[in-house]
Amino acid sequence: MPRALLVDDDPASLGALAELIQLEGFATTTATTLAEAQARFEEITPDVILTDLVLPDGTGIDLIDSALSVGALVVLITGHASVETAVEALRRGANDYLTKPVDLARLKTILANVSRTRELQAQIGSLRGELRKLGRFGPLVGASPAMGTVYDLITRVAPTDATVCIVGESGTGKEVVAQAIHELSRRRKGPFVPVNCGAVSPTLIESTLFGHDRGSFTGAERMHRGVFEQASEGTLFLDEFTEMPIELQVKLLRVLETGTVTRVGGEKGIDIDVRVIAATNRVPEQAVQEGKLRGDLWYRLNVFPICLPPLRERGGDIDVLLEHFLGELNAGQGTQKRWSAAVRMALRRYGWPGNVRELKNVVHRAYILAEEEIGGECLPNDLGGRSLTNGTVARVPLPMMDGAEMGTTLMVRVGTSVADVEQQLILATLEACSGNKQKTAEVLGVSLKTIYNRLNAYRETRAA
Ligand SMILES: Nc1ncnc2c1ncn2[C@@H]1O[C@H](COP(=O)(O)OP(=O)(O)OP(=O)(O)O)[C@@H](O)[C@H]1O
Ligand SMILES: [Mg+2]
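Being a predicted model, the structure only gives us computed values, none of them experimental.

Asker: Just checking my understanding: could you explain helix α14 (residues 317–333) for this structure?
Answerer: Three- or four-residue spacings in an α-helix give side chains the same orientation, since the helix completes a turn every 3.6 residues. The terminal C-alpha atoms of α14, which comprises 17 residues, lie 24 Å apart, in line with the 24 Å expected from a rise of 1.5 Å per residue. Burial in α14 covers these residues: Asp 317, Ile 318, Asp 319, Leu 321, Leu 322, His 324, Phe 325, Leu 326 and Asn 330.

Shown next, in the form of structure tokens:
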């Protein structure tokens, strides 16, 4: 039978809680002070400690270190006013917190999850081992100190239901972090539903988030479940939440506070069981000041902040990521392409304004253009690649391989030689076709042989 230690200085609530916990199949031991709790802890080595935050001779937080040393879980119980302290406790290693009056359903879920959480802890332990050996934490590659801090935060917050807010420049991996948290949470068998609030049109966003009932507006022929309902028992990833229309922010806040959504045109609220992870590449405080983000919504979402450092602050991770992405491409295609020392040096020195996404795209592009050793000519010009065109052809924008499509534009200055334009067009199309020469030939309406001939010619000119 699992053992629970309950600590509360109010004997009445202690007794009531002990009964509830026994009903859930735990052997319970109680204490009313920190000193007593420490003594009981030694005697029974509990699986879980449920403790009041404020105790006569200290705080529940003081029990965390001993609990961690034996792998026991800690659940803080706190009044509404001290949620911030409870969050501090999560950072220190507590597993979850309950606010008073204790919600019975939440308590039951937490207790039912004691063994599941222990499994998750074992999984996190093995990820830590992997980090030391392979320099990665689950899907996140890199072992710099800056990322080590992020992994610690993920580890602490994942098993809880706390709302997480991830802030970081574009391409730093916010969505990957959100997925990692989901995978390490007890919701991992449930859905992970991402929604980009900046990409949904203002007229559709309300129905996207909250759903709509049939006939609620012209064209609403069927009932539609919003993302909150779709993410039931899972995680909702609210990406770019700062881009949401201000009227909708009020509604979102209400949903987060009440735990119920009402579909557009709907009458009654629907209870939801969703963990929210929000992300933005803006500075939220600034968005609040500019009146784009409501302060109360920001306060509600920012329960547990995680700041993702830009790639330029991750030191050796650049090398690790270069090897990782190239290794993946090599493994997929059965090739053995490798970096030249000069290119490695150039890439190490580069500032990476587009962060990991930019690095991934640069690797992809270089991989496609290189034969075996990846030389400077395979890099975009602004990365130290030799200009092939004397600067007469500018590419806008640098195509992003993540979403490579034929929509990328080439801008050509009047007076550029036809040969130069042709070369840029062929290379850009080859890139957009992920290196597939046959497809490139078809798209450009020339023969495969032409493509081969041109590529050989370019290579020879470069080598010369
Ligand atoms: N640490 C990492 N290890 C491996 N791949 C990563 C890492 N960080 C990011 N990536 C990859 O980089 C790309 C961009 O990551 P992601 O989409 O999570 O960034 P983002 O911060 O959400 O960017 P944006 O603000 O533009 O939405 C993805 O292809 C992702 O798989
Ligand atoms: Mg993103």
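Asker: Just to check I follow, could you spell out the layout of surface pockets for this structure?
Answerer: A water-sized probe, rolled over the atoms, reveals where empty space remains. What the largest pocket holds in volume is close to 1,500 Å³. Arg 106, Asp 161, Thr 163, Leu 256 and Arg 300 are, among the 44 residues lining the largest pocket, the residues nearest its centre. Where the lining of the largest pocket is concerned, the elements lending two or more residues are α4 (83–92), β7 (96–99), α5 (104–112), α11 (246–258), β17 (275–280) and α13 (295–301). The greatest single-element share of the lining of the largest pocket, amounting to five residues, is contributed by α11. Broken down by class, the residue content of the lining of the largest pocket amounts to 18 nonpolar, 11 polar and 15 charged. When its volume is computed, the second largest pocket comes out at roughly 550 Å³. For the second largest pocket, the lining is made up of 24 residues, of which Gly 171, Thr 172, Gly 173, Lys 174 and Val 176 are closest to its centre.

Asker: Could you clarify how one ought to interpret the side chain of Glu 358 in this entry?
Answerer: Structurally, Glu 358 can be placed in helix α16 (residues 355–369). An unpaired buried charge is present at Glu 358: no salt bridge exists, and Arg 312, the closest side chain of opposite charge, is 8.2 Å distant. Within the structure, the side chain of Glu 358 is placed 2.6 Å from the side chain of Tyr 350, a separation counted as a polar contact. Dropping the residues within four chain positions of it, Glu 358 is found in contact with Tyr 350, Trp 352 and Pro 353.

Asker: Please explain the site of ligand 1 as it appears in this structure.
Answerer: Contacts to ligand 1 come from 18 residues, most closely from Ser 170, Gly 171, Lys 174, Arg 357 and Lys 360. At 2.9 Å from a nitrogen atom of ligand 1 is found a main-chain nitrogen or oxygen belonging to Val 141. Note that an oxygen atom of ligand 1 is positioned 3.0 Å from one of the backbone N or O atoms of Gly 173. Protein chains bury 87% of the 630 Å² of accessible surface belonging to ligand 1 in isolation. Of the pockets mapped on this structure, ligand 1 occupies the second largest pocket. Mapped onto the shell around ligand 1, the elements with two or more residues apiece are β9 (140–141), α8 (174–183), α14 and α16. The residue inventory of the shell around ligand 1, partitioned by class, reads seven nonpolar, five polar and six charged.

Asker: How should I be thinking about the pattern of salt bridges in this particular structure?
Answerer: A side chain with one charge may pair with a side chain of the opposite charge, provided their charged atoms come close. Evaluated as defined, the whole model comprises 21 salt bridges. In this structure, Arg 106 and Asp 161 form a salt bridge, with 3.9 Å as the shortest nitrogen-oxygen distance. In this pair, Arg 106 is assigned in helix α5 and Asp 161 in the loop between α7 (145–157) and β10 (164–167), connecting sequence segments 55 residues apart. Between Arg 338 and Glu 372 there is a salt bridge, and its shortest N-O distance comes to 3.8 Å.

Asker: Mind showing me how you'd approach the sheet that holds β7 here?
Answerer: Hydrogen bonding along the main chain pairs the strands of a sheet, whether they run parallel or antiparallel. Strands sit in the order β2-β1-β3-β6-β7 across an open sheet of five strands; the sheet is parallel. The open sheet has two free edges, formed respectively by β2 (27–31) and β7, since each of these has just one partner strand. For this sheet, the mean inter-axis angle between neighbouring strands, taken without regard to orientation, is 20 degrees.

Criteria and thresholds
- Residues numbered from 1 in each chain as written.
- Chains lettered and ligands numbered in written order.
- Predicted model: local features only at pLDDT ≥ 70, side-chain atom pairs only at ≥ 80, totals over all residues.
- Heavy atoms only, no water.
- Helix = DSSP H or I, 4+ residues; strand = E, 2+ residues; numbered from the N terminus.
- Expected span 1.5 Å × (residues − 1).
- Buried < 20%, exposed > 50% of the residue type's maximum accessible area, 1.4 Å probe, protein only.
- 1 Å grid on protein atoms, 1.4 Å probe; cavity = no way out; pocket = protein on both sides within 12 Å on 5 of 7 lines; lining within 4 Å.
- Points joined across faces, edges and corners; volume = space filled by probe spheres on them.
- Nonpolar A, V, L, I, M, F, W, Y, C, P; charged D, E, K, R; others polar.
- Lys, Arg positive; Asp, Glu negative; His and termini not counted.
- Salt bridge = Lys/Arg side-chain N within 4 Å of Asp/Glu carboxyl O.
- Polar contact = N/O pair within 3.5 Å; in protein donor to acceptor, adjacent residues only side chain to side chain.
- Contact = heavy atoms within 4.5 Å.
- Near = heavy atom within 4 Å.
- Areas by Shrake-Rupley, 256 points an atom, 1.4 Å probe, with all protein chains shown as cover.
- Sits in = over half its atoms within 2 Å of the grid points.
- Pairing = 2+ DSSP bridges.
- Axes fitted to C-alpha atoms, helices over the stretch in contact; angles between N-to-C directions.

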